[in-house]
Amino acid sequence: MTDTPELAHFINNARVAGTSGRNQPVYNPATGAAEKTVALASEAEVGNAVAAAKAAWPAWGNTPPLRRARILDKFKSILWDRADELAEAISAEHGKTHDDALGEVTRGLEVVEFATGIPQLLKGEYSESVGTGVDSYNIRQPLGVVAGITPFNFPAMVPMWMFPVALATGNCFILKPSERDPSASLLMSEWLAEAGLPEGVFGVIQGDKTAVDALLTHPDVKAVSFVGSTPIAQYIHKTGTENGKRVQALGGAKNHMIIMPDADLDMAANALMGAAYGSAGERCMAISVAVPVTDAVADALIDKLKPRIETLKIGPAADRESEMGPLVTAQHRDKVKSYIDAGVAEGAELVVDGRGFTQKKQGYEDGYYVGGTLFDRVTPDMSIYRDEIFGPVLSMVRRNSYAEAVDLIHGHNYANGTAIFTRDGDTARAFAKDIEVGMVGVNVPIPVPMAFHSFGGWKDSLFGDHAMHGMEGVRFYTRIKTTTLRWPTGQRQDPQFTMPTLG
Ligand code: NAD
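None of the values given here were measured: they were computed from a predicted structure.

Participant: For this particular structure, what's the right way to read the overall build of the protein chain?
Facilitator: Helices and strands together make up the secondary structure of the protein chain, namely 16 helices and 23 strands. For 503 residues, the compact-globule estimate of 2.2 N^0.38 gives 23 Å, and the C-alpha radius of gyration of the protein chain, at 25 Å, lies within 12% of that figure. In terms of overall dimensions, the protein chain has a C-alpha envelope of 85 × 60 × 40 Å along the principal axes. Among the 503 residues that make up the protein chain, the fraction classed as buried is 56%. In the protein chain, the proportion of contacts linking residues at least 24 apart, taken out of those at least 6 apart, comes to 73%. Accessible surface, the protein chain: about 20800 Å² in total, of which carbon and sulfur atoms supply 51%. Where the 47 positive side-chain charges of the protein chain centre and where its 60 negative ones centre are 6 Å apart.

Participant: What am I meant to see in the sheet that holds strand 14 (residues 287–292) here?
Facilitator: Strand pairing in a sheet relies on backbone hydrogen bonds. The paired strands run either parallel or antiparallel. If you walk across this open sheet you meet the seven strands as 15-16-17-14-13-19-20, and the pairing is mixed. With one partner strand each, in any of the chains shown, strand 15 (349–352) and strand 20 (439–442) form the two edges of the open sheet. The sheet shows a mean angle of 20° between the axes of neighbouring strands, direction not considered. Of the pairings in the sheet, the one linking strand 15 to strand 16 (residues 373–376) comprises three bridges and is antiparallel in character. The partner of valine 352 across the bridge, within strand 16, is leucine 374. Sheet strands touched by helix 14 (residues 402–410): strand 13 (255–259), strand 14 and strand 19 (417–421). Its angle to strand 13, the strand with the most contacts, is close to 180°.

Participant: Honestly, the sheet that holds strand 1 (residues 6–7) in this entry has me stumped. Any pointers?
Facilitator: One open sheet holds the three strands; their spatial order is 1-5-4, and the pairing between them is mixed. Strand pairing shows two members of the sheet lacking a second neighbour, strand 1 and strand 4 (23–28), which therefore form its edges. Here helix 3 (residues 83–94) sits on the sheet and contacts strand 1, strand 4 and strand 5 (33–39); the angle it forms with strand 4, its principal contact strand, is near 105°.

Participant: Quick question: what am I supposed to make of unusual backbone geometry here?
Facilitator: Peptide bonds are trans in most cases, and residues, glycine excluded, mostly fall at negative phi. The backbone phi angle of asparagine 12 is positive, close to 55°, even though this residue is not glycine. We note that arginine 377 has phi near 55°; this positive angle belongs to a residue other than glycine. For arginine 377, the location among the structural elements is in the loop between strand 16 and helix 13 (383–386).

Participant: For this particular structure, what's the right way to read the side chain of threonine 150?
Facilitator: On the secondary structure map, threonine 150 appears in the loop between strand 8 (145–149) and helix 6 (157–168). Residues in contact with threonine 150, not counting those within four places in the same chain, are Val158, Pro159, Met162, Leu175, Lys176, Pro177, Ser178 and Val227.

Participant: How should the layout of surface pockets be read in this particular structure?
Facilitator: Gaps between atoms show up when a probe of the same size as a water molecule is rolled over them. When its volume is computed, the largest pocket comes out at roughly 840 Å³. Contributing to the lining of the largest pocket are 40 residues, with Pro151, Arg180, Gly228, Ser229 and Ile232 lying nearest its centre. Of all the secondary-structure elements, those providing two or more residues to the lining of the largest pocket are helix 6, helix 8 (209–217), strand 11 (221–227), helix 9 (230–242) and helix 12 (330–345). If you tally residues by element for the lining of the largest pocket, the top one is helix 9, at five residues. A class-by-class count of the residues in the lining of the largest pocket yields 20 nonpolar, twelve polar and eight charged.

Participant: How should the packing of aromatic side chains be read in this particular structure?
Facilitator: How two aromatic rings sit relative to each other is set out by the distance from centre to centre and by the angle between their planes. Under the definition given, this model contains ten aromatic pairs. Between tyrosine 27 and tyrosine 368 the ring centres are 6.5 Å apart and the planes differ by 70°, which places this aromatic pair in the edge-to-face class. Here tyrosine 27 is found in strand 4, whereas its partner tyrosine 368 is found in the loop between strand 15 and strand 16, with 341 residues between them in sequence. Here tyrosine 27 falls in the partly exposed class, since its relative accessible area comes to 32%. Through pairs of rings, three or more aromatic residues link up here, namely Phe75, Phe163, Phe173 and Phe202.

Parameters and conventions
- Residues numbered from 1 in each chain as written.
- Predicted model: local features only at pLDDT ≥ 70, side-chain atom pairs only at ≥ 80, totals over all residues.
- Heavy atoms only, no water.
- Helix = DSSP H or I, 4+ residues; strand = E, 2+ residues; numbered from the N terminus.
- Rg over C-alpha atoms; globule rule 2.2 N^0.38 Å.
- Buried < 20%, exposed > 50% of the residue type's maximum accessible area, 1.4 Å probe, protein only.
- Contact = heavy atoms within 4.5 Å.
- Areas by Shrake-Rupley, 256 points an atom, 1.4 Å probe, with all protein chains shown as cover.
- Lys, Arg positive; Asp, Glu negative; His and termini not counted.
- Charge placed at Lys NZ, Arg CZ, Asp CG, Glu CD.
- Pairing = 2+ DSSP bridges.
- Axes fitted to C-alpha atoms, helices over the stretch in contact; angles between N-to-C directions.
- 1 Å grid on protein atoms, 1.4 Å probe; cavity = no way out; pocket = protein on both sides within 12 Å on 5 of 7 lines; lining within 4 Å.
- Points joined across faces, edges and corners; volume = space filled by probe spheres on them.
- Nonpolar A, V, L, I, M, F, W, Y, C, P; charged D, E, K, R; others polar.
- Phe/Tyr/Trp six-rings, centres within 6.5 Å; stacked < 30°, edge-to-face > 60°.

What follows is the structure in structure tokens.
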């Protein structure tokens with residue numbers, strides 16, 4: 001592994017080689033080739049990044065918000081200009097199609113746009129005359145050094161859910177990206193430096209559990225933002241809070257889409273194709289469960305979906321015609337296939353089987369491809385229903401009424417996103433109001449909130465109190481301070497031993 005380039009850390013506005021002696025391969029999922037390695041940081045290397053951030057914080061925290069915003073504005077322009085370059089770096093390690101990667105960059109960039117409005121967002125509240133001659137105001141102040149730990153499936157967007165808001169509010173930020181696709185983090189850190197971000201304000205530490213644990217226990221890290229699978233989110237939340245940190249930890253998902261009998265079925269079928277098979281199902285907002293209400297709706301949907309799943313264009317990002325790419329690693333491909341085996345064994349009806357898909361394009365035969373898969377007559381006890389598969393596998397669970405469909409959703413542990421397809425306003429309104437899920441779509445299959453709203457699920461999809469970006473992000477990365485003030489007027493007050501009141 002020594003003859004391949006090693007991707008490592010970024011501290012004080014410069015790339016820094018790994019010194020731990022540990023690294024692991026980074027694969028191109030489209031070809032199956034290990035083209036690079038990534039350094040895995042030691043606790044000491046994490047300490048170096050935290051020390052650099054801590055040293056930078058007094059000046060950065062005191063920089064006027066408008067100046068911070070201007071640096072982010074410059075970064076935004078760089079991102080627009082080099083979106084293609086970033087998208088190519090994402091596809092080369094994640095496997096998603098080029099347009100999908102560009103979409104990811106754009107959704108991340110929108111959070112940067114949001115964060116450039118920080119002077120307005122940080123405006124405090126002032127109350128005159130809370131008592132005679134007494135005024136009161138509150139402001140939001142940054143926390144200090146904060147960290148973000150991110151998953152493989154959005155190596156640019158998910159970090160950008162975090163660091164633009166963290167930096168704009170005056171914190172220094174350390175990113176620990178997924179070890180499976182580390183390049184995007186390094187490009188973004190170089191572009192932040194180019195935009196004028198002072199040394200130490202943003203750092204990247206590559207690594208695995210060792211680096212994560214070092215961040216979770218470091219006394220100078222004040223808050224941790226995490227996005228990834230639910231077991232790790234639980235671990236991060238528990239360990240981080242035990243170590244006195246503010247923690248937001250977003251976990252896994254199993255997103256249901258109800259299709260009512262009055263829905264526009266062509267619209268619903270199109271939505272399902274994109275939401276179930278886009279990005280090979282490796283999205284926390286993917287629809288992995290279709291819930292048609294009545295057998296007639298289920299049968300009609302299958303007629304529409306089956307031929308389209310069978311003819312999905314599956315290939316590398318280099319082929320701009322590809323609709324779906326490979327899975328991220330060979331292990332993940334094998335896991336997805338084993339879930340399909342389990343679904344068959346558990347008695348679900350396999351309508352389209354993606355296990356046998358082979359990639360014939362020259363040079364890509366060894367990529368980690370699985371074909372689009374559709375199960376019908378899935379029941380809630382099956383593992384393909386209960387578990388997050390994170391692959392191009394759609395399960396259909398038939399229900400006979402709206403109430404039964406809602407009960408199904410409420411019975412699941414995950415509650416990240418959900419959608420309903422209907423033309424009926426009453427049903428749509430009741431669904432949006434009553435469903436116990438964090439993000440809801442009405443005739444919108446992947447209801448990812450815009451940057452100025454906030455992203456986060458309920459139940460086992462989020463641990464902690466704050467969702468990401470929007471005002472929730474501003475609240476997470478700041479703490480409130482309230483000042484009550486009176487100016488001496490020459491009038492002395494006698495000592496007062498009772499609780500002060502207005503009277
Ligand atoms: P993951 O949980 O395996 O890894 C996420 C991060 O945690 C990585 O940086 C990884 O290095 C680190 N990590 C992994 N194992 C660890 C351990 N034992 N101790 C400490 N740190 C550890 O997730 P992934 O496979 O990279 O990403 C896919 C998952 O992320 C899916 O479950 C998906 O639903 C979820 N996800 C959720 C959202 C959301 O907003 N809720 C968004 C994107 C992805």
